[in-house]
Amino acid sequence: MRTALACPGHTGAPAGSRGIDEILAEARARLRRLEPEEAHLAYRRGAPLVDIRPAAQRAANGEIPGALIVERNVLEWRFDPRSAAKLPIAGRYDLPVIVFCQEGYTSSLAAAALQDLGLHRATDVAGGFAAWRLAGLPAFGPADVYAYLEATGDPRLRPAT
């Protein structure tokens with residue numbers, strides 16, 4: 001007997017599967033996402049700001065001074081208080097971890113994964129690093145945020161009517 005996935009040309013989703021839009025919406029429903037300015041204030045009050053972007057993305061777009069670099073593939077191990085590979089700051093479940101990625105999609109999934117570990121205050125930055133830069137918050141690196149927004153067709157660059 002062949003399964004649906006093994007049938008050549010079969011394009012229907014397997015029973016019980018969910019699309020990424022549904023998974024993202026479910027993750028975000030659990031978070032109190034922070035606007036970049038709110039995230040900056042929380043960081044200044046001591047909340048760890050965690051950059052989960054790969055090195056190539058950080059090099060191409062810039063970084064936030066003082067942010068912890070914890071790439072996405074090891075995030076859970078570094079923040080699970082039960083993990084032998086945890087960071088020194090990750091010894092408590094009420095740690096208000098603020099995760100960010102480039103645009104705020106992967107970070108929502110990552111923050112929800114941290115909540116699954118019990119870090120109930122984990123959240124992310126709405127709009128990610130691009131929104132942080134656009135807000136004029138502290139950052140360094142080679143990014144030209146206006147070129148990025150133009151390339152992506154962002155409506156914030158359109159003249160007011």
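Each remark here, short or long, concerns the structure printed above.
Please read all numbers here as calculations on a predicted model, not as lab measurements. Numbering of residues begins from 1 in every chain and follows the order in which that chain's sequence is written. Local features are withheld for residues below a pLDDT of 70 in this predicted model, meaning they are given only at 70 or higher, and side-chain atom pairs are given and counted only at 80 or more; totals for whole chains, interfaces and linings count all residues. Derived side-chain values reflect all non-hydrogen atoms in the structure, with water molecules and hydrogen atoms excluded from consideration.

Caption draft 1: Representation of the environment of Leu49. Secondary structure follows DSSP: runs of H or I at least 4 residues long count as helices, runs of E at least 2 residues long count as strands, and numbering of each begins at the N terminus. Looking at where Leu49 falls in the secondary structure, it is placed in strand β1 (residues 49–51). Distance in space between the C-alpha atoms of Leu49 and Val97 is 6.4 Å, their sequence separation being 48 residues. Setting aside chain neighbours within four positions, we find Leu49 in contact with Tyr43, Ile64, Ala67, Leu68, Ile98, Phe100, Val125 and Trp132. Should any heavy atoms of two residues lie within 4.5 Å, those residues are counted as being in contact.

Caption draft 2: Looking closely at the pattern of salt bridges. Whenever Lys or Arg places a side-chain nitrogen within 4 Å of a carboxyl oxygen from Asp or Glu, that contact is recorded as a salt bridge. Considering all chains together, one arrives at nine salt bridges under this definition. A salt bridge links Asp51 to Arg53; its shortest N-O distance comes to 2.7 Å. Buried residues are those whose accessible area, probed at 1.4 Å on protein chains only, stays under 20% of the maximum for their type, while exposed residues exceed 50% and partly exposed ones sit between those limits. The class for Asp51 is buried, based on a relative accessible area of 0%. Overall, Arg53 belongs to the buried group, its relative accessible area being 1%. Salt-bridge contacts for Arg82 lead to Asp80; the nearest nitrogen and oxygen are separated by 3.1 Å. With a relative accessible area of 56%, Arg82 lands in the exposed category.

Caption draft 3: Fine view of the sheet that holds β1. Strand pairing requires that DSSP identify at least two bridges connecting the strands. With respect to topology, four strands assemble into an open sheet ordered β2-β1-β3-β4, the strand pairing being parallel. In the strand order of this sheet, the two ends are held by β2 (68–69) and β4 (123–124), each with one partner. Across two bridges, β1 lies against β2 in parallel orientation. Directly across from Asp51, in β2, lies its bridge partner Ile69.

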